[in-house]
Amino acid sequence: MTGHYPNTRLRRTRASGWSRALHRENRLAPTDLIWPLFVTEGQGVEEPVATLPGVSRWSVDGIAKRAKEAVDLGIPVIALFPNTPSDKRSDDGGEAHNPDNLMCRAIKAIKNACGEDIGVLTDVALDPYTSHGQDGLLDANGYVTNDETVAALVDQAINQAEAGANIIAPSDMMDGRIQAIRMALEMGNHHNVQIMSYAAKYASAFYGPFRDAVGSGGLLKGDKKTYQMDPANGDEALREVEFDIAEGADSVMVKPGLAYLDIIYRVKERFSVPVFAYQVSGEYAMIEAAQAAGIGDRDALLMEKLIAFKRAGCSGVLTYHAPVAARLLNG
């Protein structure tokens, strides 16, 4: 069906605020947001991240306070990333399996403070724990092994589930890790622990500030192109998503977000599963830089980008701007 001017005037429904609101196709709410937070050692510690203006690393007690803040704002999930001290990093990332590591203590603190009023999403990958900054275990040639890494990731995932994590989010991009983690969760009676797979995670230039925040940036030897995806590929992303769904993922993620809206759209259209985007550290930093340079309004830029994720098909978005967005949405 086509319309003809002047019987159809497409500006008619845009003429007033109430009408624009009535005809709006996509909407944002605080419940669409996941707030990533960085955990560090100490008590009463807040360490601003220089490359992420407005973002800090928090000690465990501070993380619990941020979780309460999230509940008050209506944000349903906190995502945790640890800044593991250098003396606890090793080639094999063994600290990931310590039931008293930063991640596990933060999970327990959030649950003690908020109970089930908020969900806790935990990153599963070895890069915050390895001395070489890679997401997995290295062979003699410095290549990130797959199956040996998967075995370590399974132990890491179970450790987090035992601490009280609600959503396990493998970000490593190893083949077969979703199936292995799902089987381990089932065998461990963690039937209701969800898996949000970083199914299409690209080898992106937008991750730099995040690596600074978790302390792996200066440690990284080489790059991650042998396991993270080539930014030129789209069909391959659909294969990755298909595998992860078949292996037991409850939801999937595309990372980064804005440069991969086409991938988000294709995944949603093909599979009709919950799809999440990660508005990564570089994307966050660019918005803040635009505000600082006086070339863009932060709030307007942020909300336009978030609605773009929803328009592309996202069920929700991981963003460091979550509390800012929630306050704007709460009015």
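For the structure given in this document, a descriptive report is provided here. Note that the structure is a prediction, hence the values are computed from the model and not measured. Along each chain, numbering runs from 1 in the same order as the chain's sequence is written. Given that this is a predicted model, residues contribute local features only at a pLDDT of at least 70 and side-chain atom pairs are listed and counted only at 80 or more, while totals for whole chains, interfaces and linings are drawn from all residues. Values reported for side chains reflect all heavy atoms of the structure, with hydrogen atoms and water molecules removed beforehand.

Working definition: helices are DSSP H or I runs of at least four residues, strands are E runs of at least two. Numbering for both runs from the N terminus. Here Leu-121 is to be found in strand β5 (residues 119-124). Between the C-alpha atom of Leu-121 and that of Gly-164, which follows or precedes it by 43 residues, the distance is 9.9 Å. The contact definition used throughout considers only heavy atoms, calling two residues in contact when any of these lie within 4.5 Å. The residues contacting Leu-121, other than those within four sequence positions of it, are Ile-34, Val-77, Ile-78, Ala-79, Leu-80, Ile-167, Ala-169 and Met-196.

Turning next to helix α3 (residues 102-114). Between its first and last C-alpha, α3 extends 18 Å over 13 residues, near the 18 Å set by a 1.5 Å rise per residue. Under the scheme applied here, a residue whose accessible area is under 20% of the maximum for its type counts as buried, over 50% as exposed, and between as partly exposed, the area being computed with a 1.4 Å probe on protein chains only. Looking at α3, one finds that the buried residues are Leu-102, Met-103, Cys-104, Ala-106, Ile-107, Ala-109, Ile-110, Lys-111 and Cys-114. Where α3 is buried, its residues contact β1 (33-39), α2 (60-73), β4 (77-82), β5 and α4 (147-163). Measuring from the backbone nitrogen of Met-103 back to the side-chain oxygen at the start of α3 gives 3.2 Å, which picks out Asn-101 as the cap. Backbone geometry just downstream of α3 places Gly-115 in the positive-phi region, at approximately 60 degrees. A helix is expected to reach a length of 1.5 Å times the quantity of its residues less one. Two N or O atoms form a polar contact when they lie within 3.5 Å of each other; inside protein one atom must be a possible hydrogen donor and the other a possible acceptor, and for residues adjacent in sequence the pair counts only when both atoms belong to side chains.

This part covers the pattern of salt bridges. For this document, the term salt bridge refers to a Lys or Arg side-chain nitrogen within 4 Å of an Asp or Glu carboxyl oxygen. Under the counting rule described, the total for this entry stands at 16 salt bridges. Among the ionic pairs, Arg-177 bridges to Asp-172, the shortest N-O distance being 3.2 Å.

Here we come to the side chain of Thr-130. Mapping Thr-130 onto the fold places it in the loop between β5 and α4. When its relative accessible area of 0% is taken as the criterion, Thr-130 is described as buried. Polar contacts involving the side chain of Thr-130 include one to the main-chain amide nitrogen of Gly-133, which spans 3.2 Å. With residues near it in sequence (within four places) discarded, Thr-130 still touches Arg-89, Ser-90, Asp-91, Gly-93, Gly-136 and Leu-219.

Right, let's get into unusual backbone geometry. Cis peptide bonds are those with omega within 30 degrees of zero, and the linkage from Tyr-5 to Pro-6 qualifies with 5 degrees. Tracing the chain through its elements places Pro-6 in the segment before α1 (17-22). A cis geometry characterises the amide bond from Lys-255 onward to Pro-256, with omega recorded as -5 degrees. Tracing the backbone shows Pro-256 in the loop between β8 (251-255) and α8 (261-271). Not every positive phi belongs to a glycine, and Ser-272 is a case in point at roughly 50 degrees. Here Ser-272 is to be found in the loop between α8 and β9 (275-279). Looking at Ser-272, the relative accessible area reads 58%, which means it is exposed.

Time to look at the packing of aromatic side chains. Centre-to-centre distance and the angle between the planes together describe a pair of aromatic rings. Each aromatic pair joins two rings of Phe, Tyr and Trp (for Trp, the six-membered one) with centres within 6.5 Å, and gets the label stacked for planes under 30 degrees apart, edge-to-face for over 60, and tilted for any other angle. Counted under the stated rule, the structure contains nine aromatic pairs. Arranged with centres 5.2 Å apart and planes meeting at 90 degrees, the rings of Phe-81 and Phe-210 form a pair that is edge-to-face. Of the two residues, Phe-81 sits in strand β4 while Phe-210 sits in helix α6 (residues 208-213), which places them 129 residues apart along the sequence. For the pair formed by Phe-81 and Phe-210, the shared burial category is buried. Seen in terms of ring centroids, Tyr-284 and Tyr-320 are 5.8 Å apart; in terms of plane orientation they differ by 80 degrees. Their pairing is edge-to-face. One end of the pair, Tyr-284, is in helix α9 (residues 281-293); the other, Tyr-320, is in the loop between β10 (316-319) and α11 (322-330), and 36 residues separate them in sequence. Accessibility expressed as a relative area gives 4% for Tyr-284, which makes it buried. Charge-over-ring contacts are defined here by two conditions on Lys NZ or Arg CZ: a distance within 6 Å of the ring centre and an angle within 35 degrees of the ring normal. A cation over an aromatic ring shows up here: Lys-201 above the ring of Tyr-207, its NZ or CZ 5.8 Å from the ring centre. The ring of Tyr-207 is capped by Lys-255, whose NZ or CZ atom sits 5.0 Å from the centre of that ring.

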